[in-house]
Amino acid sequence: MKLLFVLVMMTTCAARLQDMSGRMFTFPLQTNKAYVKLNTPRQDFNAVTICHRSFTDLKRDHILFSLATPSRSNDFLIFWDNANKEMEAFVGDKKVEFGGLDYKPNMWHSVCTTWDSSSGLVQLWFDGQPSIRKFISSGSNITGPVIIILGQEQDTHGGGFDINQSFVGMMTDVHMWDYTLSPCEIQNYVDQLNFTPGNVLNWRALEFQIVDQVLTEQRITVCH
Ligand SMILES: *[C@@H]1O[C@H](CO)[C@@H](O)[C@H](O)[C@H]1NC(C)=O
Ligand SMILES: *[C@@H]1O[C@H](CO)[C@@H](O)[C@H](O)[C@H]1NC(C)=O
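Quantities reported herein were computed from a predicted structural model and do not represent experimental measurements.

K.L.:
Looking at this structure, how should I read the state of the cysteines?
P.N.:
By definition, a disulfide links the sulfur atoms of two cysteine residues through a covalent bond. Counting across every chain of the model gives 1 disulfide. At a sulfur-sulfur separation of 2.1 Å, the disulfide partner of Cys51 is Cys112. Handedness of the Cys51-Cys112 disulfide follows from its S-S torsion of about 115°: it is right-handed. Taken together, the residues Cys51 in strand β5 (residues 47–55) and Cys112 in strand β10 (residues 109–116) connect sequence positions 61 residues apart. The pair formed by Cys51 and Cys112 is uniform in burial state, with each residue classed as buried.

And the structure:
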């Protein structure tokens, strides 16, 4: 009986591998407890592309993507700075800002961010529109163990959440590659056409753990 209980506990706690096509994570309330942890065996990156879609009506700062390593809690981060109306990208704890974006509430927005360590340049594609290419950090890899979290911003490796930076809303189509995608590949992602799914995080075969109140639901579709 005790063994059975342990086995049941193990299956509920173990990360699940799921095809999330047509589905989304719903973060339904403001809290510093609820999040989704995304798992990957990949731990060493000299280039990265991260794409995701999100839907919110938050009128404050909030996190969209948080990757921390033991020495750098902002090793790769996408963050909305509401006071300055800027999307911020962090690599290796360094920050660049992208302004002038039409980040309207209550609609889906796609964000793709590329970076490579040889040029040190980061570029953000907001709803398919490329930003300028800005220098952020060159010459060193993002080296794990990585902890990747949706819904909360990590100020420590896997913790240090701030309720006032939490995400409330929906997220879908999260992919991560260990190379920079070409503009055409990014356009295919934005237009929801065929694209090579992420080789680090793949929304169609996603290994994740939900902590506290986050739901997986059918993605909202509009009736015509
Ligand atoms: C950086 O990452 C790349 C890709 O994973 C790897 O081939 C290379 O050896 C790494 N470089 C260092 C200095 O760790
Ligand atoms: C979050 O923001 C509210 C309202 O501005 C403030 O009262 C509260 O102290 C903040 N909480 C934290 C943990 O920073």
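Still more ground to cover, so stick around.
K.L.:
Help me understand the site of ligand 1, please; the structure alone is not making it clear to me.
P.N.:
Contacts to ligand 1 come from Asp44, Asn46 and Asn141. Between Asn141 and ligand 1, the recorded distance is 2.2 Å, taken from a side-chain N or O atom to an oxygen atom. Here ligand 1 loses 36% of its free accessible area of 360 Å² to cover by the protein chains.

K.L.:
Even after reading the chapter, I still don't get the packing of aromatic side chains, so can you show me in this structure?
P.N.:
The geometry of two aromatic rings is summed up by the distance between their centres and the angle between their planes. Summed over all chains, the structure comprises 11 aromatic pairs. Ring geometry for Phe25 and Trp203: centres 5.4 Å apart, planes at 85°, overall edge-to-face. Here Phe25 is found in strand β2 (residues 23–27), whereas its partner Trp203 is found in the loop between α2 (183–190) and β17 (206–211), with 178 residues between them in sequence. For the residue pair Phe25 and Trp203, the accessibility class agrees, reading buried in each case. When the ring of Tyr103 is compared with that of Phe126, the centres are 6.0 Å apart and the planes differ by 75°; the resulting orientation is edge-to-face.

K.L.:
Help me understand the pattern of salt bridges, please; the structure alone is not making it clear to me.
P.N.:
Where charged atoms from two side chains of opposite charge come close, those side chains can pair. Applying the stated criterion across every chain, the model contains 7 salt bridges. Its salt-bridge partner being Glu97, residue Lys95 comes within 3.7 Å of it at the nearest N-O pair. In this structure Lys95 comes out as partly exposed when scored by relative accessible area, which is 40%. A residue is classified by how much of its surface remains accessible, and Glu97, at 27% relative accessible area, is partly exposed. Here Asp173 and Arg219 are joined by a salt bridge, their closest N and O atoms 3.3 Å apart. Of the two residues, Asp173 is situated in strand β16 (residues 169–177) and Arg219 in the segment after β18 (215–218); the sequence distance between them amounts to 46 residues. Like Asp173, the residue Arg219 is buried in the burial classification. Overlapping salt bridges, with partners in common, bring together Arg53, Asp173 and Arg219 in one network.

K.L.:
Quick question: what am I supposed to make of the environment of Asn141 here?
P.N.:
Following the sequence through the fold, Asn141 ends up in the loop between β13 (134–135) and β14 (142–143). Under the relative-accessibility criterion, Asn141 is labelled partly exposed at 29%. Between the alpha carbons of Asn141 and Gly92 there is a distance of 8.5 Å; along the sequence they are 49 residues apart. Within the structure, Asn141 has its side chain in polar contact with the side chain of Asp44 (distance 3.0 Å).

K.L.:
So what exactly am I meant to see when it comes to the pairing of strand β15 (residues 147–150) here?
P.N.:
Regular strands place their side chains on alternate faces of the sheet. The alternating pattern of β15 places Ile147 and Ile149 and Ile148 and Leu150 on opposite faces, both of which are buried. Bridging between strand β3 (residues 35–38) and β15 involves 3 bridges; their strand directions are antiparallel. Its bridge partner being in β15, Lys37 is matched across the sheet by Ile149.

K.L.:
I would appreciate a short explanation of α2 in the present structure.
P.N.:
Every α-helical turn comprises 3.6 residues, leaving residues that sit three or four positions apart pointing alike. Every buried residue of α2 is listed here: Ile186, Tyr189 and Val190. Projected down its long axis, α2 shows its buried positions confined to an angular sector of 100°, all on one face. Gln192 lies just past α2 and shows a positive phi near 55°.

Rules used throughout
- Residues numbered from 1 in each chain as written.
- Chains lettered and ligands numbered in written order.
- Predicted model: local features only at pLDDT ≥ 70, side-chain atom pairs only at ≥ 80, totals over all residues.
- Heavy atoms only, no water.
- Disulfide = S-S within 2.5 Å.
- Helix = DSSP H or I, 4+ residues; strand = E, 2+ residues; numbered from the N terminus.
- Buried < 20%, exposed > 50% of the residue type's maximum accessible area, 1.4 Å probe, protein only.
- Near = heavy atom within 4 Å.
- Polar contact = N/O pair within 3.5 Å; in protein donor to acceptor, adjacent residues only side chain to side chain.
- Areas by Shrake-Rupley, 256 points an atom, 1.4 Å probe, with all protein chains shown as cover.
- Phe/Tyr/Trp six-rings, centres within 6.5 Å; stacked < 30°, edge-to-face > 60°.
- Salt bridge = Lys/Arg side-chain N within 4 Å of Asp/Glu carboxyl O.
- Pairing = 2+ DSSP bridges.
- Arc of directions from axis to C-beta.

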